[in-house]
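Architecture and fold: a report
The residues making up each chain are set out below.
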Amino acid sequence: MFVVMRTGATEAEVNGVKGLILAEGLTPFESATATRQVIALVGEVGRRRDDLRARLETMSGVASVTPISKPYKLVSREFQPEDTVIRVLDSAIGDGSLTVMAGPCAIESREQLLETVEFVAAHGATVIRGGAFKPRSSPYSFQGLGVEGLRYLAEARERTGLPVITEVMEPSQVDIVADYADILQVGTRNMQNFSLLLACGRAGRPVMLKRGFGATIEEWLMAAEYIASAGNPQIILCERGIRTFETSTRNTLDLTAVPVLHHLTHLPVVVDPSHATGKRWLVKPMAIGGVAVGADGIMVEVHPRPDDALSDGEQSLTFEMYAQMMDAIVAVHGHVKDLHGDLDRAGMGALAGGGS
Ligand code: PEP
Ligand code: MN
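Residues numbered from 1 in each chain as written. Chains lettered and ligands numbered in written order. Predicted model: local features only at pLDDT ≥ 70, side-chain atom pairs only at ≥ 80, totals over all residues. Heavy atoms only, no water.

Structural notes on the site of ligand 1
- Close to ligand 1 lie Arg129, Lys134, Pro135, Glu167, Gln185, Gly187, Thr188, Arg189, Lys210, Arg240, His275 and Glu301.
- Here Thr188 contributes a backbone N or O atom positioned 2.8 Å from an oxygen atom of ligand 1.
- In the complex, the protein chains occlude 97% of the 290 Å² of accessible area that ligand 1 would expose alone.
- Of the residues belonging to the shell around ligand 1, the class tally is 1 nonpolar, 4 polar and 7 charged. (Near = heavy atom within 4 Å. Polar contact = N/O pair within 3.5 Å; in protein donor to acceptor, adjacent residues only side chain to side chain. Areas by Shrake-Rupley, 256 points an atom, 1.4 Å probe, with all protein chains shown as cover. Nonpolar A, V, L, I, M, F, W, Y, C, P; charged D, E, K, R; others polar.)

Examining helix α6 (residues 194–201)
- When we look at burial in α6, the residues that qualify are Leu196, Leu197, Ala199, Cys200 and Gly201.
- The secondary structure elements touched by the buried residues of α6 are α5 (174–180), β10 (183–186), β11 (207–210) and α7 (217–229). (Buried < 20%, exposed > 50% of the residue type's maximum accessible area, 1.4 Å probe, protein only. Helix = DSSP H or I, 4+ residues; strand = E, 2+ residues; numbered from the N terminus. Contact = heavy atoms within 4.5 Å.)

What to know about the coordination of the manganese ion (ligand 2)
- At this site the manganese ion (ligand 2) is bound by Cys105 (SG), His275 (NE2), Glu301 (OE) and Asp312 (OD), with donor distances of 2.0 to 2.4 Å.
- All donors of the manganese ion (ligand 2) belong to a single chain; written as a sequence motif, their spacing is C-x169-H-x25-E-x10-D. Residue Cys105 is found in the loop between β7 (99–103) and α3 (110–122), and its partner His275 is found in helix α9 (residues 273–277); the two are separated by 170 residues along the sequence. In this pair, the class of Cys105 matches that of His275, namely buried. (Donors = N, O, S within 2.8 Å, 3.2 Å for Na, K, Ca; no water.)

Quick word on the pattern of salt bridges
- Within the structure shown, the criterion is met by 19 salt bridges.
- Between Arg53 and Glu57 there is a salt bridge; the shortest N-O distance is 3.3 Å. Placement of the pair is Arg53 and Glu57 together in helix α2 (residues 49–57), with a separation of 4 residues, close to one helical turn.
- Taking the relative accessible area as the measure of exposure, Arg53 reaches 31% and is therefore partly exposed.
- Across the salt bridge formed by Asp182 and Arg157, the nearest N and O atoms sit 2.9 Å from each other. Note that Asp182 is positioned in the loop between α5 and β10 and Arg157 in helix α4 (residues 147–160), a separation of 25 residues in sequence.
- It is possible to trace a salt-bridge network through shared partners that takes in Glu24, Arg48, Asp51 and Arg55. (Salt bridge = Lys/Arg side-chain N within 4 Å of Asp/Glu carboxyl O.)

Things to note about α7
- The terminal C-alpha atoms of α7 lie 18 Å apart, and with 13 residues this matches the ideal 18 Å at 1.5 Å per residue to within 8%.
- Listed as buried for α7 are Ile217, Trp220, Leu221, Ala223, Ala224, Glu225, Ile227 and Ala228.
- Tucked into the core, α7 has its buried residues touching β2 (27–32), α6, β11, β12 (235–239) and α8 (257–264).
- Positioned one or two residues after α7, Gly231 has a phi angle of 110 degrees, which is positive. (Expected span 1.5 Å × (residues − 1).)

A closer look at the confidence of the model for the protein chain
- Per-residue pLDDT for the protein chain averages 94, and the proportion of residues at 70 or more is 96%.
- Low confidence marks residues 348–356, where pLDDT is under 50. Its contacts with residues over four positions away, or in another chain, come to 14 contacts. (pLDDT = per-residue confidence, 0-100.)

Let's talk about the sheet that holds strand β1 (residues 2–5)
- As summarised here, the arrangement of the 4 strands in space is β2-β3-β1-β4, forming an open sheet in which the pairing is antiparallel. In the strand order of this sheet, the two ends are held by β2 and β4 (62–66), each with one partner. The sheet shows a mean angle of 20 degrees between the axes of neighbouring strands, taken without regard to direction.
- Bridge analysis of β2 against strand β3 (residues 37–42) gives 6 bridges, and the strand direction is antiparallel. Residue Thr27 lies in a different strand from β3, and its bridge partner there is Val42. (Pairing = 2+ DSSP bridges. Axes fitted to C-alpha atoms, helices over the stretch in contact; angles between N-to-C directions.)

Right, here's the structure in full:
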């Protein structure tokens, strides 16, 4: 549940509410917007719920106490109706602009990375991607350059002025990756690595959480809740395809997840058509689809010579294909942006009522 404070509530009144929450062994999470100050109670409330609610409701400075019906709390629209906007360097994610995260699957060399980022930065990318620690299905495949790759990524940021995102695979890597990267990426295979999620929650950097290839949307949001509950509300969700019976594509891109997520959560949503399809000729149409259904951005893999790539070459775009895709999605974004605004993307009407 969450407590909405009266407009103009004093610091003492806010502290009174937080004190009661703490005394109950729960954690208070504050979220203040221009219009209201809200304190969420996080923790196992169990059978104390009705009693706690009644006590909070009578406290000085409290306007209302509202239950959250979903198992995820901090990331829910019920708790925060306004979209989360994540700002890194000069890029904003979730503010209605089109985020484009582009770069190679794996950083293979300084030259390969810089050649790629210079091209994508000159053609509309807003975030640079590149894997330094690679989660490969085979232990015999290229595992990434590690810290050497992180250094090249930092150089790419200096050259382009764009923020950089890269994957972190285990809790012990979080500090070093956070030293170099602007956004931490948690990959599909690690979506439910709870100790990694908590470590990312404490890292003080935005986190992009990719959907587990076998995860439901609710499991995905619960994973995001781990990051938020550790103190980090700066989370981006990335739909990258799920495993189904279909074998024509590497995964099945669940585009319905985009409007469903916008309905359930205030977090920005990015679509990754590269890992979803596994085929470069399918990346442009599915990127168009992602933007058309209202995604806040896309993430794509680009390589100067995809056929020589050490990782995911089949799904990596050539420079030319990347430029063509950009032309298409920028145009589509221009068309759909206003439509989604009109359609009340949060579907807040449907959220009214219910709750426990
Ligand atoms: C990646 O983006 O480099 C990656 C490994 O993606 P995923 O975790 O979605 O497979
Ligand atoms: Mn890849």
